[in-house]
Number of protein chains: 2
Amino acid sequence: MPHTDTKERILDVAERLFADRGFADTSLRMITAEAGANLAAVNYHFQSKDALILAVIARRMGPLNERRLALLDAVEARAGQGPLPLEDILGAFFEPLFRGGAPCVVNPNFGRLLGRMYIEPGDLFSRVFRDQMAPIRNRFLGAAQRALPGLPLEEIFWRMHFLIGALAHTMSGLHHIKATSDGLVDVTDADAILERLIVFLAAGFRAPAPVKKGEGPCVSQLSSR
Amino acid sequence: MPHTDTKERILDVAERLFADRGFADTSLRMITAEAGANLAAVNYHFQSKDALILAVIARRMGPLNERRLALLDAVEARAGQGPLPLEDILGAFFEPLFRGGAPCVVNPNFGRLLGRMYIEPGDLFSRVFRDQMAPIRNRFLGAAQRALPGLPLEEIFWRMHFLIGALAHTMSGLHHIKATSDGLVDVTDADAILERLIVFLAAGFRAPAPVKKGEGPCVSQLSSR
DNA sequence: GTCTATAGGGGGATAGAC
DNA sequence: GTCTATCCCCCTATAGAC
């Protein structure tokens with residue numbers, strides 16, 4: 001009945017279940033049962049559950065980040081010596097997550113899984129991010145500095161952190177917004193979500209940096225209450 | 001040696017361990033060992049692990065949301081009939097999470113735990129959010145509509161979603177930004193983080209809503225590549 | 001490569017003495 | 001209220017037949 005081989009089927013099912021339920025609460029038995037494979041097949045094709053998790057990630061992470069860099073290359077080529085358009089930088093980072101078609105090979109389930117990885121505890125994913133995401137972050141950090149001259153580096157770090165949070169939560173928590181809005185919002189239109197994210201985050205990045213040690217009007221009002 | 005009773009000690013340790021390691025990977029044996037309590041004490045004072053999780057949440061959630069509403073009341077009273085300052089609305093929502101002192105009783109560990117809950121799978125937390133957060137969301141939704149006339153309700157829902165993501169990731173993932181910035185950023189100054197968040201998100205909320213079904217410049221450029 | 005069977009450990013929950 | 005001891009379940013991983 002399945003059209004692919006066992007190893008690929010295990011990866012597909014594991015990707016979806018990990019995205020749905022998290023890693024700790026997804027057992028190898030669930031995966032093999034749903035993939036129509038034997039429990040021992042996981043330990044034959046991969047070595048352990050941790051190695052399976054890393055294999056699920058590795059299959060998508062490489063193409064995803066290659067596509068991000070290619071898009072950023074194109075953005076920089078279009079800009080020439082001129083200023084880098086911030087929206088295009090964000091688009092190069094997001095687009096490969098929201099479009100499943102060629103030449104992007106990233107399955108939508110992996111987007112949700114990626115969102116989950118940022119929150120999941122343990123040093124398994126810290127290593128993944130340090131190894132796989134460091135070059136990506138450096139390239140996009142440089143692009144952001146070029147697009148936002150005058151914004152302190154520290155502030156760019158914070159705003160990238162906010163960006164990752166908004167992105168991760170959007171990818172992994174679409175059911176939340178669907179539930180809390182009583183179905184008002186459409187969570188199926190990936191293009192629309194992508195554009196909403198870019199508009200929102202670009203405006204945040206363009207905000208003037210807060211004053212160092214001063215009287216931020218809102219904060220002081222709150223604390224003086 | 002401990003100055004509080006067993007029940008309170010279990011709640012304190014559980015709050016911290018749940019924040020550090022997540023729920024699934026924190027066993028009752030870890031909690032009781034670190035709290036200097038017996039394993040059976042958990043099932044005596046609470047009934048089950050799930051009930052313990054809910055008790056950890058319930059202890060903080062009530063005071064947290066009361067404080068949020070009180071701050072929002074003050075913001076609205078100050079504004080009178082005039083426009084609501086967006087930064088103050090955001091401040092009323094964030095401040096009780098970032099300040100541990102009186103009259104706010106929210107332990108900083110709970111902030112990290114709260115950030116984790118949004119991502120954690122399962123319907124345990126969906127129920128918590130639906131029951132505890134619904135009135136809060138409605139009040140702040142109304143305030144946001146008053147502060148941002150002309151912004152479509154659907155867009156406000158999305159931007160609240162982005163806000164929650166940035167907030168949750170900031171609270172639960174401070175180790176990420178510390179690690180990826182090579183220690184450049186200071187993650188200990190809660191006031192500074194709070195102000196950075198407010199500045200960033202207020203700018204995002206003030207951005208014009210994307211056009212409905214048109215040629216968003218960045219998206220069309222990306223898709224036409 | 002795929003299966004069965006099982007080892008070996010950790011988990012939540014509970015009974016019953018104190 | 002607190003302890004010990006234990007039940008019973010599910011987990012990962014592996015050995016070994018096919």
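Engineer: Is there a simple way to explain the overall build of chain A in this structure?
Structural biologist: The helix and strand inventory of chain A stands at eleven helices and zero strands. Listing each helix as α and each strand as β along chain A from the N terminus yields α-α-α-α-α-α-α-α-α-α-α. Each of the 225 residues in chain A was classed as buried or not, and the buried ones make up 52%. Look at the contacts in chain A between residues 6 or more apart in sequence, and 74% of them connect residues 24 or more apart. In the structure as shown, chain A presents an accessible area of about 9,900 Å², 55% of it carried by carbon and sulfur atoms.

Engineer: Just checking my understanding: could you explain the interface of chain B and chain A for this structure?
Structural biologist: With 70 residues of chain B in contact, the opposing surface of chain A contributes 69 residues. With both sides pooled, the region where chain B packs onto chain A buries about 6,400 Å², and carbon together with sulfur makes up 67% of that total. Among the residues chain B hides against chain A, the three largest losses belong to W158, R196 and F200 of chain B. Together they make up 13% of the total. Taken together, chain B and chain A are joined by four salt bridges. Taken together, the links from chain B to chain A amount to 14 residue pairs in polar contact (both at pLDDT 80 or more).

Engineer: I'm lost on the packing of aromatic side chains in this one. Help?
Structural biologist: The geometry of two aromatic rings is summed up by the distance between their centres and the angle between their planes. Residue and element names in this part refer to chain A. According to the stated counting rule, one finds 16 aromatic pairs over all chains in the structure shown. Each ring, one from F23 and one from F125, has its centre 4.8 Å from the other, and the planes form 35 degrees; the classification is tilted. Pair noted here: F23 is in the loop between α1 (6-21) and α2 (28-35) and F125 is in helix α7 (residues 123-147), with a separation of 102 residues, a long-range link. On the basis of relative accessibility, which here comes to 5%, the residue F23 falls in the buried class.

Engineer: I'm lost on the protein's contact with DNA strand C in this one. Help?
Structural biologist: Taken together, 14 residues form the shell around DNA strand C, and within it N38 and H45 of chain A together with L28, R29 and K49 of chain B come nearest. Taking all atoms of DNA strand C within 4 Å of the protein, the share assigned to sugar and phosphate is 51%. In this structure, S27 of chain B approaches DNA strand C through a side-chain N or O atom, which is 3.3 Å from a phosphate oxygen. Contact between DNA strand C and R29 of chain B: a base nitrogen at 2.8 Å from a side-chain N or O atom of the residue. Residue composition of the surface near DNA strand C, grouped by class: five nonpolar, seven polar and two charged.

Engineer: Help me understand the packing of helix α4 (residues 49-79) of chain A against α7 of chain A, please; the structure alone is not making it clear to me.
Structural biologist: Two packed helices can be described by the angle between their axes and the distance between those axes. Residues and elements named next belong to chain A. At their nearest, the axes of α4 and α7 sit 11 Å apart, and the two run at 5 degrees to each other. As far as their axial angle goes, α7 and α4 are roughly parallel. Note on element contacts: α7 touches α4 through L124, F125, V128, Q132, M133, I136, R139, F140, A143 and R146, opposite D50, I53, L54, I57, M61, N65, R68, L69, L72, D73, E76 and A79. When its residues are assigned to classes, the contact of α4 with α7 shows 14 nonpolar, two polar and six charged.

Engineer: Where do I start with the domain arrangement of chain A in this structure?
Structural biologist: How big an interface is tends to be stated in terms of the accessible area lost upon association of its parts. Residues and elements named next belong to chain A. Per the domain assignment, the segments of chain A are domain 1 (1-47) and domain 2 (61-210). In this structure, domain 1 and domain 2 have C-alpha centres spaced 28 Å apart. In terms of surface lost to domain 2, no three residues of domain 1 exceed E15, A19 and F23, which account for 71% of the buried area on that side. Linking domain 1 with domain 2 are one salt bridge. When the residues that make up the side of domain 1 that touches domain 2 are grouped by side-chain class, the tally is four nonpolar, one polar and three charged.

Engineer: Even after reading the chapter, I still don't get the relation of the copies chain B and chain A, so can you show me in this structure?
Structural biologist: To go from the first copy of the chain to the second, apply a rotation about an axis and then a shift along the same axis. Each copy superposes on the other: chain B lies on chain A with an RMSD of 0.0 Å after a rotation of 180 degrees and an axial shift of 0.0 Å. The operation mapping one copy onto its partner corresponds to a two-fold rotation axis. In this assembly, 99% of the residues forming the interface of chain B have copies in chain A that are likewise at the interface, indicating an isologous arrangement.

Engineer: Could you clarify how one ought to interpret the nonpolar core in this entry?
Structural biologist: One recurring pattern in soluble globular proteins: nonpolar side chains tend to sit buried together. In terms of nonpolar packing, the biggest core is built from 148 residues, with L52 and F94 of chain A together with L52 and F94 of chain B touching the most fellow members. Among all residues touching F94 of chain A, those that are not within four sequence positions of it are L163, L167, L194, L197, I198 and L201 of chain A.

Criteria and cut-off values
- Residues numbered from 1 in each chain as written.
- Chains lettered and ligands numbered in written order.
- Predicted model: local features only at pLDDT ≥ 70, side-chain atom pairs only at ≥ 80, totals over all residues.
- Heavy atoms only, no water.
- Helix = DSSP H or I, 4+ residues; strand = E, 2+ residues; numbered from the N terminus.
- Buried < 20%, exposed > 50% of the residue type's maximum accessible area, 1.4 Å probe, protein only.
- Contact = heavy atoms within 4.5 Å.
- Areas by Shrake-Rupley, 256 points an atom, 1.4 Å probe, with all protein chains shown as cover.
- Buried area = accessible area lost by both parts, 1.4 Å probe.
- Salt bridge = Lys/Arg side-chain N within 4 Å of Asp/Glu carboxyl O.
- Polar contact = N/O pair within 3.5 Å; in protein donor to acceptor, adjacent residues only side chain to side chain.
- Phe/Tyr/Trp six-rings, centres within 6.5 Å; stacked < 30°, edge-to-face > 60°.
- Near = heavy atom within 4 Å.
- Nonpolar A, V, L, I, M, F, W, Y, C, P; charged D, E, K, R; others polar.
- Axes fitted to C-alpha atoms, helices over the stretch in contact; angles between N-to-C directions.
- Parallel < 35°, antiparallel > 145°, perpendicular 65-115°, else oblique.
- Domains from an automatic or database assignment.
- Least-squares fit on C-alpha atoms with pLDDT ≥ 70 in both.
- Core = buried A, V, L, I, M, F, W, Y, C linked by side-chain atoms within 4.5 Å.

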